[in-house]
Amino acid sequence: LAIPGAALFVLLGHHVRASIAIALAIPSGISAFLVIGFLGELLEGRRAAGLAVFGATCAAVLSVAYYPALANQLSPKEVFESYEHIHQPGEPLALFGVGGRTAAYYAGGEPMIINEAGQAYRWLMEGNGQRRFLAMRADELPKLNQLYRERANPRANIPVLDARSSQILLVASSLKPGEKNESPLDKMVLPDEPHPQHPMDVNMEDKLQVLGYDITDDKEKRVDGIAPSRKYKMHTYYRVLAPITTEWEAFIHIDGFHRRHNGDHKILDGKYPFSLWLPGDLIEDEYEFTLEPNFTPGAYTLYFGLFVGESRLKVKSGPNDGDNRINGGPIRVQ
């Protein structure tokens, strides 16, 4: 049952028609039994031989699938291949936090080595109209992005041309027509004004304006109600009004019927600290939550806000409970 079930799940996930998916999934279970039977006959019931075959199979899967995928995440090879494909003659490449020997092997020559975000920004933008490229560690992107946003007009996130690796990115000084910014920060520091399903206007201590929120299901579809034991995401939208020096955390309270769901979490998963937020920035915080099974159907109230320890960021105006919790309104539990 597990093998046909897994096959059916994968096929439906790839949008294969249900009737075809079922027709392919059922024989997969039968085939598995035939293979097991064949191996049993071949090994004549010898346990040691069976363990050896099992070990060899696991090793083959790791060698052919897992380790190459892991290597692609950690290796800068794809980034340098993208650079070779994208750049024009005379457009230089520098390295920020990426090993020089590896770069010399993949890209040829000896690219410039940069060790600090300010230096990386200056080098990237001092091309006098010539486009420049930077292969860099992903964890250095937030600070470089802030430096770029401070001076960009109109304000935008720094162009990222290759973000396939979770560790190493290819950044450019500018985008050409037809190129798309693949920056992972575009989902956090928004390029355009959001239009939430639940719009709000909440002033938080003249530092943040809450623009509203959405709740989506596991298919990223906006929903009006939620159910226990299922995964949802709350998307909260902010406009930055002033610099913020405190690293606040977010809370979500779903209250009702003498129950509370508590969703404390780091804003933006800690990937873009408050100290980098600039006045005028539009921020989307995404948090995944699941209601506990003991939540009975009915109307609950959604509260949310920011806190550090026992202190909460004050709500100056907008719907709230008087205890610095923003009142997001009723939420229906099905």
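Not measured: the values here are computed from a predicted model.

A word on unusual backbone geometry
Line of reasoning, step 1. In this chain, N153 is followed by P154 through a cis amide linkage whose omega measures 0°.
Line of reasoning, step 2. Residue position: P154 is located in the loop between α7 (141-151) and β4 (160-162).
Line of reasoning, step 3. The residue N128 is not glycine, and still its phi comes out positive at about 50°.
Line of reasoning, step 4. Structurally, the position occupied by N128 is in the loop between α6 (117-125) and β3 (133-137).
Line of reasoning, step 5. Among the residues examined, N128 registers a relative accessible area of 79% and is labelled exposed.
Line of reasoning, step 6. Within the chain, F257 stands out as a residue other than glycine whose phi angle is a positive 55°.
Line of reasoning, step 7. The topology assignment puts F257 in the loop between β10 (249-256) and β11 (259-262).
Line of reasoning, step 8. By relative accessible area, F257 is classed as partly exposed at 43%.

Concerning the sheet that holds strand β5 (residues 168-172)
Line of reasoning, step 1. Strands sit in the order β2-β1-β3-β5-β4 across an open sheet of five strands; the sheet is mixed. Unpaired on one side and paired on the other, β2 (112-114) and β4 mark the two borders of the sheet. Neighbour-to-neighbour, the strand axes of this sheet turn through a mean angle of 30°, independent of strand direction.
Line of reasoning, step 2. Both strand β1 (residues 93-96) and β2 contribute to a ladder of three bridges, which runs parallel. From the neighbouring strand, L95 faces β2, where its bridge partner is I113.
Line of reasoning, step 3. The strands that helix α4 (residues 77-86) touches are β1, β3, β4 and β5; relative to β5, the one it contacts most, it runs at about 25°.
Line of reasoning, step 4. Here α7 sits on the sheet in contact with β3, β4 and β5, set at roughly 140° to β3.

A word on the packing of helix α1 (residues 2-13) against helix α2 (residues 18-43)
Line of reasoning, step 1. Put simply, α1 and α2 touch, their axes get as near as 8 Å, and they point 150° apart. For the element pair α1 / α2, the angle class is roughly antiparallel. As for the relative orientation of α1 and α2, their crossing is right-handed in sense. Facing I3, P4, A7, L8, L11 and L12 of α1, the residues of α2 in contact are A18, A21, I22, L24, A25, S28, G29 and A32.
Line of reasoning, step 2. Of the residues that constitute the contact of α1 with α2, the class distribution is 12 nonpolar, two polar and no charged.

A short note on the nonpolar core
Line of reasoning, step 1. Ranked by internal contacts, the top residues of the largest apolar core, which has 61 residues, are L134, L208, I254, W277 and L306.
Line of reasoning, step 2. Top element by residues in this core is α6. It accounts for five residues.
Line of reasoning, step 3. Apart from the residues lying within four places of it in its own chain, the contact partners of I254 are I226, R259, R260, H261, F289, L291, F295, Y300, T301, L302 and I331.

Focus: the pattern of salt bridges
Line of reasoning, step 1. Taken as a whole, this structure holds 19 salt bridges when the rule is applied.
Line of reasoning, step 2. Put simply, E78 and R164 hold a salt bridge, and the shortest N to O gap is 3.8 Å. Remark: R164 occurs in the loop between β4 and β5 and E78 occurs in helix α4; sequence separation between them is 86 residues.
Line of reasoning, step 3. The class of E78 is buried, set by a relative accessible area of 19%.
Line of reasoning, step 4. On the accessibility criterion, R164 (46% relative accessible area) is partly exposed.
Line of reasoning, step 5. Between R312 and D323 there is a salt bridge, with its nearest N and O atoms 3.2 Å apart. Taken together, the positions of R312 in strand β15 (residues 311-312) and D323 in the loop between β16 (315-317) and β17 (326-333) put the pair 11 residues apart, joining distant regions of the chain.
Line of reasoning, step 6. When salt bridges with common partners are traced through the structure, they connect D255, R260, D321 and R325 into a single cluster.

Cut-offs and rules
Residues numbered from 1 in each chain as written. Predicted model: local features only at pLDDT ≥ 70, side-chain atom pairs only at ≥ 80, totals over all residues. Heavy atoms only, no water. Helix = DSSP H or I, 4+ residues; strand = E, 2+ residues; numbered from the N terminus. Buried < 20%, exposed > 50% of the residue type's maximum accessible area, 1.4 Å probe, protein only. Pairing = 2+ DSSP bridges. Axes fitted to C-alpha atoms, helices over the stretch in contact; angles between N-to-C directions. Contact = heavy atoms within 4.5 Å. Parallel < 35°, antiparallel > 145°, perpendicular 65-115°, else oblique. Left-handed = near helix turned anticlockwise from the far one by under 90°. Nonpolar A, V, L, I, M, F, W, Y, C, P; charged D, E, K, R; others polar. Core = buried A, V, L, I, M, F, W, Y, C linked by side-chain atoms within 4.5 Å. Salt bridge = Lys/Arg side-chain N within 4 Å of Asp/Glu carboxyl O.

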